[in-house]
Amino acid sequence: MRRGEMSNQQWERIKPLLPPQKPPTGCPSKDHRMIVNGILWILRTGAPWRDVPERYGSWSTVSGRFYHWRKTGLWQQVFAALQEEADAEGQINWEIHFVDGSVIRAHQHAAGAKRGNLKPDSERSEIKQVQAREALGRSQGGFSTKIHLRCDGNGLPITFVLTAGERHETVVFEHLMEQGAVKRSGVGRPRLRPKRVSGDKGYSSGTLRRYLRRRGICLTIPRKKNERRRGQFDKALYRERNRIERCFNRLKQFRRIATRYEKKAENYLAMLTLASIMLWL
C-alpha cells in the first residue's frame, strides 16, 4: 500500500458497495481496487488524467471508470451508504450541525464547457448561462466556485451544494437544509433535520431564522451590528463552529478539491463526494 491509497480496512468497507468485478456479460473489469487507488491519486495530487502512474493501469481506463460511476450515481450511493452505516452505529451527531461556504479558485482549464441546453429568451448571455449552470463565476478571489457545506457535530460532511463563487450563503441555505437525508437501517423515515444549526453572521437574516423556527430547529447565529433585534447568544457553543472549518481544511488536503480543474460542475461534485467518502472511511 502506497501513500494516499486505501488501507485494507477501508477497502473492506467500500468493496461491497461497488459493482461486481465480473459483470453478467462480457469480460471481467479491471481490478476495482487498483482503479479506485488511481482515482484517489488524481484526487490527491490534482494532476491531469494522462499523468496517472502506470501501476494503476491505463489512464483512459481510470478516468473512464470515474466518469462512468459518476453517471450511474455510484459515488453518491457509496456516500449515502456510509452515512447510513454510521447513523445505525450512533456515530452521526444530530444535536448540532454547522453550515459555511468556501470559495474555491477555478483553474483556467475549468472554463470552456459546451454551450448546450441554453434558454434563448434569457436576459443573460450564453457565457453567463453556461457559467451559472456549471457553478462558475467571479468573486473577489477571481474565477471561482463556492462550496456550501453542512457537517454534523463531529465535523464530518453531511451534504454540499455548488454555486458560482460570488453567490451568497443565504441564497442556497434552504436547499442545503432540505437535502442530505440519511436513511435508517430499520423502519422509519430518513433523518434530515438536526436539533440545532450554527453559522456565522453571513447567515443572519429574518427569513432564515423564521425558516428554522417553523421546523423546530434551534439556531446559534450571531446577529449583525445593524440588526435591531437582539437575544441570547451562546458564545461557548458558537466556538464549536471551528469543526466545519477543520472539515474544509481536510477536504482541501485533496488538491483536486482545493483547486477546481473540472469544466463541468457534476464532475467536480463527484470529486467532492469522493473526498467526503474518504473522510467517512
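Residues numbered from 1 in each chain as written. Predicted model: local features only at pLDDT ≥ 70, side-chain atom pairs only at ≥ 80, totals over all residues. Heavy atoms only, no water.

### Remarks on the pattern of salt bridges
Right, so step 1: Going through the model one piece at a time under the given rule, you end up with eleven salt bridges.
Right, so step 2: Between Asp100 and Arg241 there is a salt bridge; the shortest N-O distance is 3.3 Å. Taken together, the residues span a long stretch of sequence, with Asp100 in strand 1 (residues 97–106) and Arg241 in the loop between helix 8 (235–238) and helix 9 (242–251) at a distance of 141 residues. The burial state of Asp100 is the same as that of Arg241; both residues are buried.
Right, so step 3: The structure contains a network of salt bridges with shared partners spanning Asp100, Arg241 and Glu245. (Salt bridge = Lys/Arg side-chain N within 4 Å of Asp/Glu carboxyl O. Helix = DSSP H or I, 4+ residues; strand = E, 2+ residues; numbered from the N terminus. Buried < 20%, exposed > 50% of the residue type's maximum accessible area, 1.4 Å probe, protein only.)

### So, the pairing of strand 4 (residues 157–164)
Right, so step 1: Within strand 4, eight of the eight residues are buried, which leaves the element mostly enclosed by the surrounding structure.
Right, so step 2: When strand 3 (residues 142–151) meets strand 4, the two strands line up antiparallel, connected through seven bridges. Note on strand 4: the bridge partner recorded for Thr145 is Ala164.
Right, so step 3: With antiparallel pairing between neighbouring strands as the criterion, strand 3 and strand 4 make up a hairpin whose turn holds five residues, including Gly155 at a positive phi of roughly 85°. (Pairing = 2+ DSSP bridges.)

### What about the nonpolar core?
Right, so step 1: Core analysis: the biggest nonpolar cluster contains 56 residues, and Ile147 and Ile257 have the highest contact counts within it.
Right, so step 2: In terms of residues, this core owes the most to one element, helix 11 (residues 265–280), which gives eleven residues.
Right, so step 3: Core analysis: the second largest hydrophobic core is formed by 14 residues, Val161, Tyr203, Leu212 and Leu219 among them. (Core = buried A, V, L, I, M, F, W, Y, C linked by side-chain atoms within 4.5 Å.)

### Quick notes on helix 2 (residues 32–45)
Right, so step 1: The first and last C-alpha atoms of helix 2 sit 20 Å apart over 14 residues, in line with the 20 Å expected at 1.5 Å per residue.
Right, so step 2: A large share of helix 2 lies buried, amounting to ten of its 14 residues.
Right, so step 3: Every buried residue belonging to helix 2 is among His32, Ile35, Val36, Asn37, Gly38, Ile39, Leu40, Trp41, Ile42 and Leu43, and all of these are buried.
Right, so step 4: Contacts from the buried residues of helix 2 go to helix 1 (8–14), helix 3 (59–71), helix 4 (74–88), helix 10 (255–258) and helix 11.
Right, so step 5: Backbone geometry just after helix 2 places Gly46 at a positive phi near 75°. (Expected span 1.5 Å × (residues − 1). Contact = heavy atoms within 4.5 Å.)

### Considerations on the packing of aromatic side chains
Aromatic ring pairs are defined here through the distance separating the ring centres and the angle between the ring planes.
Right, so step 1: One pass over the structure, following the stated rule, counts nine aromatic pairs.
Right, so step 2: The interplanar angle of 25° and the centroid separation of 5.9 Å between the aromatic rings of Phe79 and Phe160 together place this pair among those described as stacked. Residue Phe79 is located in helix 4, and its partner Phe160 is located in strand 4; the two are separated by 81 residues in the primary sequence.
Right, so step 3: Residue classification places Phe79 among the buried residues on the basis of a relative accessible area of 1%.
Right, so step 4: Relative to Tyr211, the ring of Phe173 lies with its centre 6.0 Å away and its plane at 80°, an arrangement referred to as edge-to-face. In this pair, Phe173 sits in helix 6 (residues 173–178) while Tyr211 sits in helix 7 (residues 206–214), placing the two residues 38 residues apart along the sequence.
Right, so step 5: Under the relative-accessibility criterion, Phe173 is labelled buried at 1%. (Phe/Tyr/Trp six-rings, centres within 6.5 Å; stacked < 30°, edge-to-face > 60°.)

### Things to note about the pairing of strand 1
The two faces of a sheet get side chains in turn, since along a regular strand they alternate between them.
Right, so step 1: The element strand 1 is extensively covered by neighbouring structure, given that eight of its ten residues are classed as buried.
Right, so step 2: Judged from the two bridges that link them, strand 1 and strand 5 (residues 196–198) form a sheet pairing that is parallel. Considered in strand 5, the bridge of Phe98 is made with Ser198.
Right, so step 3: Inspection of the sheet shows strand 1 paired to strand 3 by eight bridges, in the antiparallel sense. The partner of Gly101 across the bridge, within strand 3, is His148.
Right, so step 4: In this sheet, strand 7 (residues 259–260) lies alongside strand 1 in parallel orientation, the contact comprising two bridges. Counterpart to Ala106 in the pairing with strand 7 is Arg260.

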